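The residues making up each chain are set out below.
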Amino acid sequence: MVTWPVPDSPAQTLPGKGEPGSFGEDRGDRRHCGIDIRAPAGSPVVAIADGTVIETGVQTDPAWVPYWNRTWFVLVDHPGTCIARYAELADTTVGAGDSVREGECLGHIGRVIHPGRVTSTAPAYIRELVRNGITAMLHLECWHSRPVLSGDMYRGGNWFGPEPPSTLCDPGIILNDCR
Ligand SMILES: [Zn+2]
């Protein structure tokens, strides 16, 4: 059993297979590494289980892709469950080495997309999100072991190779068992 990571999300449901924000979603030249849970910017994001923070850092930055705002990630080792990357956060309230309890706040939902900088050259899935007014969400990835993410293969929560990273797993399987 784990705790749903966004207490204020409108529903505790995940996007269905192939839907926007679903795990492995085909985005043309890239596939989605995690799942997106939509919630208003500023909503708390909590640990799905007890664990230890491995790392925090920048997830997206306008210097890398113009339509991105700066957002943050928190990588947490949840022994016996997974290593979870909570991403696209406005801020983080924990740091590397911290122990966290299940349900403890890790940070807050950020606004990953800057609609005013999304142009016709942006990927179709980004333009679709903006059309639907969706710019804030938790991007959650689950890994079997600590990921090594190279800039060639991983960017903004997507992988660019034909096959998913071998240690990546479907967060839906883990969140299926929420309290
Ligand atoms: Zn995502």
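Residues numbered from 1 in each chain as written. Predicted model: local features only at pLDDT ≥ 70, side-chain atom pairs only at ≥ 80, totals over all residues. Heavy atoms only, no water.

1. Some remarks on the sheet that holds strand β10 (residues 154-155)
In plain terms, the rule: When DSSP finds two or more bridges between a pair of strands, those strands are recorded as paired. The numbering of helices and of strands both runs from the N terminus, where a helix is a DSSP run of H or I of at least 4 residues and a strand a run of E of at least 2.
In space, the 3 strands of this open sheet follow the order β1-β11-β10, with antiparallel pairing throughout. Because the sheet does not close on itself, it has two edges, and the strands there are β1 (31-32) and β10. The pairing of β10 with strand β11 (residues 158-159) spans 2 bridges and is classified as antiparallel. Directly across from Tyr154, in β11, lies its bridge partner Trp159.

2. Points about the pattern of salt bridges
As a reminder of what qualifies: By definition, a salt bridge exists where a carboxyl oxygen of Asp or Glu is found within 4 Å of a side-chain nitrogen of Lys or Arg. Here the term buried applies to any residue with accessible area under 20% of the maximum for its type, exposed to any over 50%, and partly exposed to those in between, with areas from a 1.4 Å probe on protein chains only.
For the coordinates displayed, the defined rule picks out 9 salt bridges. For Arg27, the salt bridge identified is with Asp36, shortest N-O distance 3.5 Å. With respect to burial, Arg27 and Asp36 carry one shared label: buried. Of the charged contacts, one joins Arg30 and Asp29 as a salt bridge, the two residues approaching to 2.8 Å between their closest N and O atoms. A relative accessible area of 47% means that Asp29 is categorised as partly exposed.

3. A few points about the pairing of strand β5 (residues 71-78)
Counting buried positions along β5 gives 6 out of 8 residues, so the element sits mostly inside the fold. In this sheet, β5 lies alongside strand β4 (residues 51-60) in antiparallel orientation, the contact comprising 7 bridges. Following the sheet pairing, Glu55 is matched in β5 by Leu75. Pairing of β5 with strand β6 (residues 82-92) involves 7 bridges; the strand directions are antiparallel. Opposite His78, over in β6, you have Cys82 as the bridge partner.

Interpretation note: all reported values are geometric properties and have no functional meaning in isolation.
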